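Results of the structural survey
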Amino acid sequence: MLLLAHTLTGAVIGAKVSSPWLSFALGFTSHFLLDAIPHWNYPVPQRIHIRDFIVFWPDLTAPALLVLAFIALHPSALLAICFGVTGSILPDILTLTRHHVSLKRIFAPFRKFHEKIQHEIPFTPGVLVQIAYMLVLLALLRL
Ligand SMILES: [Zn+2]
């Protein structure tokens, strides 16, 4: 799933769950459930060049703005939102350990598991699934 969908999930969890650590655990767990849903994701190259950020920046800046918006709307849940978002995106961040000499081997089983649960589909249905998911999540937040 896109970073935006994971971030929204973590922010919603944080806004609804007052405990930061519970929010973190739920956000972390949610990541794997979401990645198992058929979705589209942009390919992350083995070596990231500056020009690659043209592809990535919308999926980096939109989540950052989303977190700021959630914190502004739910200031008392600041810590829970930050922990929820951290948990929800941590699995994707850990996949970057493949570029680190010593962390590469330690996290290899985790990366293998993370890659195995991915269910990627073509762009249009894969993005529509994520938009629908985020709209449902936002609707649930209002309940
Ligand atoms: Zn993932």
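To keep things clear, this report deals only with the structure shown in the data block. Quantities reported herein were computed from a predicted structural model and do not represent experimental measurements.

Side note on the overall build of the protein chain
In terms of helices and strands, the protein chain carries 7 helices and 0 strands. Along the protein chain, helices and strands appear, N-terminal first, in the series α-α-α-α-α-α-α. Taking 143 residues into account, the globule formula puts the C-alpha radius of gyration at 15 Å, and the protein chain, at 15 Å, falls close to it. Along the three orthogonal principal directions, the C-alpha set of the protein chain runs to about 40 × 35 × 30 Å. Split into buried and exposed, the 143 residues of the protein chain put 24% on the buried side. At a minimum sequence separation of 6, the contacts of the protein chain that also span at least 24 residues come to 80%.

Points about helix H2 (residues 20-36)
Under the 1.5 Å per step criterion, the end-to-end length of H2 is 25 Å for 17 residues, consistent within 8% with the ideal 24 Å. Restricting attention to buried positions, one finds in H2 the residues Ser23, Phe24, Leu26, Gly27, Ser30, His31 and Asp35.

Brief notes about the nonpolar core
Counting residues in hydrophobic clusters, the biggest one holds 17 residues, and the most contacted among them are Ala11, Ala80 and Ile81. Elements represented by at least two residues in this core include exactly helix H1 (3-16), H2 and helix H4 (78-95). No other element matches H1, which puts 6 residues into this core. Beyond its immediate chain neighbours, meaning those up to four positions away, Ala80 contacts Gly14, Val17, Ser18, Ser19, Pro20 and Ser23.

Brief notes about the packing of helix H3 (residues 53-73) against H4
With their axes 9 Å apart at the nearest point, H3 and H4 run at an angle of 155° to one another. For the element pair H3 / H4, the angle class is roughly antiparallel. As for the relative orientation of H3 and H4, their crossing is right-handed in sense. Across from Val67, Phe70 and Ile71 in H3, the residues of H4 making contact are Leu78, Ile81 and Val85. The residue inventory of the contact of H3 with H4, partitioned by class, reads 6 nonpolar, no polar and no charged.

What counts and what doesn't
Residues numbered from 1 in each chain as written. Predicted model: local features only at pLDDT ≥ 70, side-chain atom pairs only at ≥ 80, totals over all residues. Helix = DSSP H or I, 4+ residues; strand = E, 2+ residues; numbered from the N terminus. Rg over C-alpha atoms; globule rule 2.2 N^0.38 Å. Buried ≥ 20, exposed ≤ 12 C-beta atoms within 10 Å, placed from the backbone. Contact = placed C-beta atoms within 7 Å. Expected span 1.5 Å × (residues − 1). Core = buried A, V, L, I, M, F, W, Y, C linked by C-beta atoms within 7 Å. Axes fitted to C-alpha atoms, helices over the stretch in contact; angles between N-to-C directions. Parallel < 35°, antiparallel > 145°, perpendicular 65-115°, else oblique. Left-handed = near helix turned anticlockwise from the far one by under 90°. Nonpolar A, V, L, I, M, F, W, Y, C, P; charged D, E, K, R; others polar.

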